[in-house]
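For reference, the chains in residue letters:
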Amino acid sequence: MNWEKKILCIGAGYVGGPTMSVIADRCPQYKVTVVDINADRIAAWNSAQLPIYEPGLEQVVERARGRNLFFSTDIDAGIAEANIIFVSVNTPTKTFGHGAGYASDLQYLEKTARHILAVSEEPKIVVEKSTLPVRTAEAMQRILDSNDKGIHFEILSNPEFLAEGTAINDLENPDRVLIGASETPEGQAALQEVIDIYANWVPRDRILTTNVWSSELSKLTANAFLAQRVSSINAVSAICEATGANVDEVAFAIGQDSRIGPKFLKASVGFGGSCFKKDILNLVYLCRHFNLPEAAEYWEWVVRMNEWQKHRFTKRILTTMFNSIAGKRIAVFGFAFKADTGDTRETPALTVVRDLLDEHALPVITDPQAIPEAKNDLADVLDLVEFTEDPYESVKGAHAIVICTEWQHFKELDYQKIYDSMEKPAFIFDGRNILDHQKLYEIGFEVTPVGKAGYSRL
Ligand SMILES: NC(=O)c1ccc[n+]([C@@H]2O[C@H](COP(=O)([O-])OP(=O)(O)OC[C@H]3O[C@@H](n4cnc5c(N)ncnc54)[C@H](O)[C@@H]3O)[C@@H](O)[C@H]2O)c1
């Protein structure tokens, strides 16, 4: 087959898998291969049970897999034949050495660069898709330039802005695609090659081009801004609880200002996910590195507010339930960090469950997608926690329900039936403000939302 381009993606995770599936779906003229060192993950991508849950993903994969979309563990062959290599490996927070707890751990990225270097016999375009500290492309370039084969590698930055839970829609209809390239003729030629991919389905005015450093930094700061909005409204939620104001009303009033806008102003138990915390901490690290301690501290508070909000939520559970939850069964509704994903990385539910365990409560976790991940996350305390996919099972004999994830499914349950099977008084702590609190109160529940007055007879 005479493919117009051969595209490789290294890293078949939450970003690499969906992103490449959509490219392959939209561009049948390209061969798209996704490789990973994790053989189980690749086997799952090649099976009917995909390794990640994402609405709409299955259909996209089914259309393209085996036609022009391939998942493989043969990284060497993939590198050798590709013209364009996207690198979408994980870039977690460093847990050791200099910068531990803040800086990005770039070992996976560096290994990938060395792998590309070792296998390549001809020039390639290497596209950073992972979220990276500003000026990482410079280090990549140095590694890739250290070859005596006379091969030129052009490094571009193309950070991914998809949100888990809505990844397919975000990829098919992105607000923008950002591509950073160097201003050299080679950089501009490579830029055009990557623009050509997205231009197959993204309107040209949504494909933004910048220099490499702006592109790298835009991703980190976009996440910092998003998380900052959550921490801001969560800070407001605490003032609302103290004063009798209602955070939903305040958020609506704030969001009507067209300069602010309504999105990302939902008070909750806190944000989670693999990116916000790590990207902000990385930004903090960069600010310190460039001797900007005030900027570092400013951004660090976004994360500290989030930690505070999570613990504040569990403290409210404790005080509302007469300062004693030891030995009480508590149903935790949702363990995924958000709805429509099975991803539990940095999920607020984990903090809540660990806080409950500290108080010797008996948590029962229910989630439609995240039970296997929840079991991994709580591997050290498996004998102290129960798991079930059935919410009705989780509430039997429970003293309280704690909503941690905004699954639509939780809104549609029969709360009269649930109430009937619980101990009394039956408490609901709605960490996502998704339920009809008045109705729950009428059934008999004691209801505690976030950032507004609850409903109580006690
Ligand atoms: N998850 C998101 O919502 C999201 C959104 C935008 C950007 N990002 C960024 O994208 C990057 C990837 O995130 P993710 O959520 O897909 O991570 P992930 O952990 O789900 O996937 C990364 C994959 O890379 C593989 N890998 C690591 N080293 C490798 C190597 N040397 N060779 C081949 N494969 C290797 C791992 O086995 C893993 O399967 C991160 O930098 C992240 O910050 C994530």
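The structure presented is a predicted model; accordingly, all values stated were derived computationally and were not measured.

J.: Just checking my understanding: could you explain the overall build of the chain for this structure?
T.: Counting its secondary structure elements, the chain contains 18 helices and 14 strands. Rg of the C-alpha trace for the chain: 24 Å, near the compact-globule value of 23 Å for 458 residues, within the 12% margin. Here the C-alpha coordinates of the chain stretch approximately 75 × 50 × 45 Å along the principal axes. Here the chain, with 458 residues, has 48% of them falling under the buried criterion. Considering only residue pairs separated by 6 or more positions, the chain has 73% of its internal contacts joining residues 24 or more positions apart.

J.: Sorry if this is basic, but what is going on with the site of the ligand here?
T.: Taken together, the neighbourhood of the ligand is formed by 27 residues, with Gly11, Gly13, Tyr14, Val15 and Ser130 sitting nearest. Sort the elements by how many residues they give to the shell around the ligand and helix H5 (residues 107-119) lands first, with three residues. Class assignment of the residues belonging to the shell around the ligand gives a composition of 11 nonpolar, 11 polar and five charged.

J.: Mind showing me how you'd approach the domain arrangement of the chain here?
T.: Note on interface size: it is often stated as the accessible area lost on association of the parts. Taken domain by domain, the chain comprises domain 1 (5-210) and domain 2 (211-458). Taking only C-alpha atoms, the centre of domain 1 and the centre of domain 2 are 32 Å apart. Facing the 32 residues of domain 1 at the interface are 27 residues of domain 2. Broken down by secondary-structure element, the contributors of at least two residues to the side of domain 1 that touches domain 2 are helix H6 (136-145), strand E6 (153-157) and strand E7 (177-180). Classifying every residue of the side of domain 1 that touches domain 2 by side-chain character gives 17 nonpolar, 11 polar and four charged.

J.: Just to check I follow, could you spell out the pairing of strand E4 (residues 84-87) for this structure?
T.: Residues in a regular strand project their side chains so that they alternate between the two faces of the sheet. Across the two faces of E4 the burial is the same, with Ile84 and Phe86 and Ile85 and Val87 all buried. The pairing of E4 with strand E5 (residues 124-128) spans four bridges and is classified as parallel. Bridging from a neighbouring strand, Phe86 pairs with Val127 of E5. Running through H5, the crossover from E4 to the neighbouring parallel element E5 is right-handed.

J.: How do you make sense of the sheet that holds strand E13 (residues 427-430) when you look at a structure like this?
T.: The strands making up a sheet associate through backbone hydrogen bonding, with each pair oriented either parallel or antiparallel. Ordered by their spatial adjacency, six strands build an open sheet running E11-E10-E9-E12-E13-E14, and the pairing between neighbours is parallel. Every other strand in the sheet has two partners, leaving strand E11 (386-388) and strand E14 (446-448) as the edge strands with one partner each. Direction aside, the axes of adjacent strands within the sheet are offset by 20° on average. In the sheet, strand E9 (residues 329-333) pairs with strand E10 (residues 362-366) via five bridges, with the strands oriented parallel. Across the sheet, Arg329 pairs through a bridge with Leu362, a residue of E10. With respect to the sheet, helix H12 (residues 293-320) is in contact with strand E12 (400-403), E13 and E14, its orientation differing from that of E13 by roughly 165°.

J.: Just to check I follow, could you spell out H6 for this structure?
T.: Along an α-helix, residues three or four positions apart point the same way, because every turn accommodates 3.6 residues. Restricting attention to buried positions, one finds in H6 the residues Thr136, Ala137, Met140 and Leu144. Each buried residue of H6 sits inside an arc of 95° when the element is viewed along its axis, so together they form one side. Every exposed residue of H6 that faces more than 90 degrees away from the buried side is listed here: Glu138, Arg142 and Asp145.

J.: When you look at the nonpolar core in this model, what are you seeing that I'm missing?
T.: For soluble globular proteins, nonpolar side chains are generally found buried alongside one another. Judged by nonpolar contacts, the single largest core of 73 residues is most densely connected at Ile280, Val332 and Val402. Mapped onto the domain boundaries, this core takes at least three residues apiece from domain 1 (5-210) and domain 2 (211-458). For Val332, the contacting residues outside a window of four places in its chain are Ala349, Val352, Val353, Pro363, Val364, Ile365, Val402 and Cys404. Counting residues in each nonpolar core, the second largest holds 57 residues, with Val22, Val61, Ala137 and Val177 among its members.

J.: What exactly am I supposed to notice about the environment of Arg41 here?
T.: Tracing the backbone through its elements, the reader meets Arg41 in helix H2 (residues 39-45). Counting along the chain gives 30 residues from Arg41 to Gly11, while the straight-line C-alpha distance between them is 9.9 Å. What Arg41 contacts, discounting residues up to four positions off in sequence, is Ala12, Asp36 and Pro51.

J.: What is the right way to read the packing of helix H9 (residues 212-243) against H12 from this model?
T.: Closest axis-to-axis distance for the H9/H12 pair is 9 Å, and the angle between their directions is 45°. Classified by the angle their axes make, H9 and H12 are oblique. Considering the relative orientation of H9 and H12, their crossing is left-handed. Between H9, through Ala224, Ala227, Gln228, Ser231, Asn234, Ala235 and Ala238, and H12, the contact on the second element is made entirely by Trp299, Val302, Met305, Asn306, Gln309 and Arg312.

J.: Just to check I follow, could you spell out the pairing of E13 for this structure?
T.: Burial along E13 is two-sided: Phe427 and Phe429 facing one way and Ile428 and Asp430 facing the other are all buried. Bridge analysis of E12 against E13 gives four bridges, and the strand direction is parallel. Paired with Ile401 across the strands is Ile428, a residue of E13. Regarding the hand of the β-α-β motif, the stretch spanning E13, helix H18 (residues 437-443) and E14 is right-handed.

J.: Just to check I follow, could you spell out the environment of Ile116 for this structure?
T.: As for its position among the elements, Ile116 is in helix H5. Residue classification places Ile116 among the buried residues on the basis of 24 C-beta atoms within 10 Å. Sequence separation of Ile116 and Phe225 is 109 residues, and the distance between their C-alpha atoms is 34 Å. Ile116 has contacts with Ile79, Ile85, Lys124, Val126 and Leu144, leaving out every residue within four places of it along the chain.

J.: Explanation requested: the confidence of the model for the chain in the structure shown.
T.: As a note on interpretation, predicted positions should not be read in detail where pLDDT is low. Here the chain shows a mean pLDDT of 97. Residues at 70 or above account for 100%. Within the chain, no element has a lower average pLDDT than H6, which sits at 93, and none a higher one than E9, at 99.

J.: What exactly am I supposed to notice about the packing of H12 against helix H13 (residues 348-358) here?
T.: Geometrically, a packed helix pair is captured by the angle between its two axes and the distance between the axes. Running from N to C, H12 and H13 cross one another at 45°; their axes reach a closest spacing of 9 Å. In terms of their interaxial angle, H12 and H13 are classed as oblique. As for the relative orientation of H12 and H13, their crossing is right-handed in sense. Contacts between H12 and H13 involve Lys310, His311, Phe313 and Thr314 on the former and, on the latter, Pro348, Thr351, Val352, Asp355 and Leu356. Along the lines of polarity and charge, the residues of the contact of H12 with H13 split into four nonpolar, three polar and two charged.

Rules behind the numbers
Residues numbered from 1 in each chain as written. Predicted model: local features only at pLDDT ≥ 70, side-chain atom pairs only at ≥ 80, totals over all residues. Helix = DSSP H or I, 4+ residues; strand = E, 2+ residues; numbered from the N terminus. Rg over C-alpha atoms; globule rule 2.2 N^0.38 Å. Buried ≥ 20, exposed ≤ 12 C-beta atoms within 10 Å, placed from the backbone. Contact = placed C-beta atoms within 7 Å. Near = placed C-beta within 6 Å. Nonpolar A, V, L, I, M, F, W, Y, C, P; charged D, E, K, R; others polar. Domains from an automatic or database assignment. Pairing = 2+ DSSP bridges. Right-handed = clockwise from strand over helix to strand, strands pointing away. Axes fitted to C-alpha atoms, helices over the stretch in contact; angles between N-to-C directions. Arc of directions from axis to C-beta. Core = buried A, V, L, I, M, F, W, Y, C linked by C-beta atoms within 7 Å. Parallel < 35°, antiparallel > 145°, perpendicular 65-115°, else oblique. Left-handed = near helix turned anticlockwise from the far one by under 90°. pLDDT = per-residue confidence, 0-100.

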